[in-house]
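# A closer look at the structure
Residue-level listing of the chains:
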Amino acid sequence: MSAQLRLSVIIPTTHPWPFLKPLLEILAPQCEAIQAELLIADSTGKALPPSFENVRHLVSPGASVFDLRAYATSQALGEIIAWTEDHCRPAPDWCTKTCEAHVRHADADLIGGAVINGSCEAPMDWANFLCTFGPLVPPFHTPPTKRAPAVANLSLKRRALPSGPLRAGWMESAYLPRLLAEGRARFDAQIQVTHVQSLGFWGTFAAHYHNGRSTTGLLADTLTAPKRIRQAFICLLMPAELTRTSVTPLLGKTEVPWGRHLPLVIALAVAFSAGEFVGLIANSAGRSPLRLE
């Protein structure tokens, strides 16, 4: 390890303790073993017990996950900055595999890993997972080219970040897709997390709608009126494109039951697209970012 921290791991959370306990039981020993920096960006002020050590606890009362992720990223000290979500379970070697991938892919600024479904009982839980992470189900027969890696399992070299504060939502909605389009991203199926999330039937629809509205609404004021109108028309075609890019990478993966969940995947793609449309037309994300975890 150099004098500068090699790896910073960022976890934004909007939940009080002990919600983070299952994740930290896996992640904290990994970070300690390789002297990685672990940052918990917390909107409640109660995400950690007072006795928890070796963590940078950044508190921003009432902030959204987009605000928390942006703030913690600007505060991180590592040469590599990695993100996952508070409801994910990283593999025991997640930190090590992330660092090794950045060494192997020295030319890449962005590296995305694989995501495994950890909520398999309800049909809507499967649809929620497939609509978001279909392109990232291992093994990767063809690395994703149309959709940016998900922040559930993502890492970035510090050299690629601009200096100074980051605007909430800019990284997820604008910068990551740009890095992918410019050929500066790589994917590594050896870096794995399990996504554990069950929001219920209507809660899942709401989450995809609010995610869509946040995606466009947080940055809508940076778009010219013609660009907003153009993007609004693209929203009409988006359900078909989201479904295609979710399902196509799953062809041949017989262990993934995407076929029987396809109607729900399409419905969630419509909900997400409707959210994007509203964010553009309203020129605002409203309260949608605060409704996401």
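First, a word on scope: everything that follows refers to the structure included in this document. (Residues numbered from 1 in each chain as written. Predicted model: local features only at pLDDT ≥ 70, side-chain atom pairs only at ≥ 80, totals over all residues. Heavy atoms only, no water.)

## Some words on the overall build of the protein
Scanning the protein from N- to C-terminus turns up 8 helices and 8 strands. By the compact-globule yardstick of 19 Å for 293 residues, the protein fits well, its C-alpha radius of gyration being 18 Å. Buried positions account for 52% of the 293 residues belonging to the protein. The contacts in the protein between residues at least 6 apart in sequence include a share of 81% that link residues at least 24 apart. Taken as a whole, the protein presents about 12900 Å² of accessible surface, with 59% of it coming from carbon and sulfur. Between the mean site of the 26 positive side-chain charges and the mean site of the 23 negative ones, the protein shows a separation of 7 Å. (Helix = DSSP H or I, 4+ residues; strand = E, 2+ residues; numbered from the N terminus. Rg over C-alpha atoms; globule rule 2.2 N^0.38 Å. Buried < 20%, exposed > 50% of the residue type's maximum accessible area, 1.4 Å probe, protein only. Contact = heavy atoms within 4.5 Å. Areas by Shrake-Rupley, 256 points an atom, 1.4 Å probe, with all protein chains shown as cover. Lys, Arg positive; Asp, Glu negative; His and termini not counted. Charge placed at Lys NZ, Arg CZ, Asp CG, Glu CD.)

## Things to note about the packing of helix H4 (residues 123-133) against helix H8 (residues 262-282)
Across the interface, H4 lies against H8 with an axial gap of 9 Å and an inter-helix angle of 60°. It follows from the interaxial angle that H4 and H8 lie oblique. You can see that H4 and H8 cross each other, and the crossing is right-handed. Contact residues: Pro123, Met124, Ala127, Asn128, Leu130 and Cys131 in H4; Leu264, Val265, Leu268 and Ala269 in H8. Taken together, the residues of the contact of H4 with H8 break down into 9 nonpolar, 1 polar and no charged. (Axes fitted to C-alpha atoms, helices over the stretch in contact; angles between N-to-C directions. Parallel < 35°, antiparallel > 145°, perpendicular 65-115°, else oblique. Left-handed = near helix turned anticlockwise from the far one by under 90°. Nonpolar A, V, L, I, M, F, W, Y, C, P; charged D, E, K, R; others polar.)

## Concerning the sheet that holds strand S1 (residues 7-13)
An order of S3-S2-S1-S4-S7-S6-S8-S5 is seen for the 8 strands of this open sheet, with the pairing classed as mixed. The open sheet has two edge strands with one neighbour each: strand S3 (56-59) and strand S5 (88-90). Within this sheet the neighbouring strands show an average axis-to-axis angle of 30°, counted without direction. Inspection of the sheet shows strand S2 (residues 37-42) paired to S3 by 4 bridges, in the parallel sense. Considered in S3, the bridge of Asp42 is made with Val59. Lying over the sheet, helix H5 (residues 170-181) contacts strand S4 (80-83), strand S6 (110-117), strand S7 (154-157) and strand S8 (185-195), oriented at roughly 135° with respect to S8. (Pairing = 2+ DSSP bridges.)

## Things to note about the packing of aromatic side chains
Applying the stated criterion across every chain, the model contains 8 aromatic pairs. Measuring from ring centre to ring centre gives 6.1 Å for Trp126 and Phe129, while their planes differ by 85°; the resulting arrangement is edge-to-face. One end of the pair is Trp126 and the other is Phe129, both in helix H4 and 3 residues apart, which spans about a single turn. Taken together, the ring pairs connect Trp126, Phe129 and Phe133 into an aromatic cluster. (Phe/Tyr/Trp six-rings, centres within 6.5 Å; stacked < 30°, edge-to-face > 60°.)

## Considerations on the environment of Ser8
Structurally, the position occupied by Ser8 is in strand S1. Each C-alpha atom of the pair Ser8 and Trp126 lies 31 Å from the other, and the pair is 118 residues apart in sequence. Beyond its immediate stretch of four places on either side in the chain, Ser8 contacts Glu37, Leu39, Ala76, Leu77, Gly78, Ile80, Ile81 and Ala82. Reaching out from Ser8, the side chain makes a polar contact with the backbone nitrogen of Leu77 at a distance of 3.5 Å. (Polar contact = N/O pair within 3.5 Å; in protein donor to acceptor, adjacent residues only side chain to side chain.)

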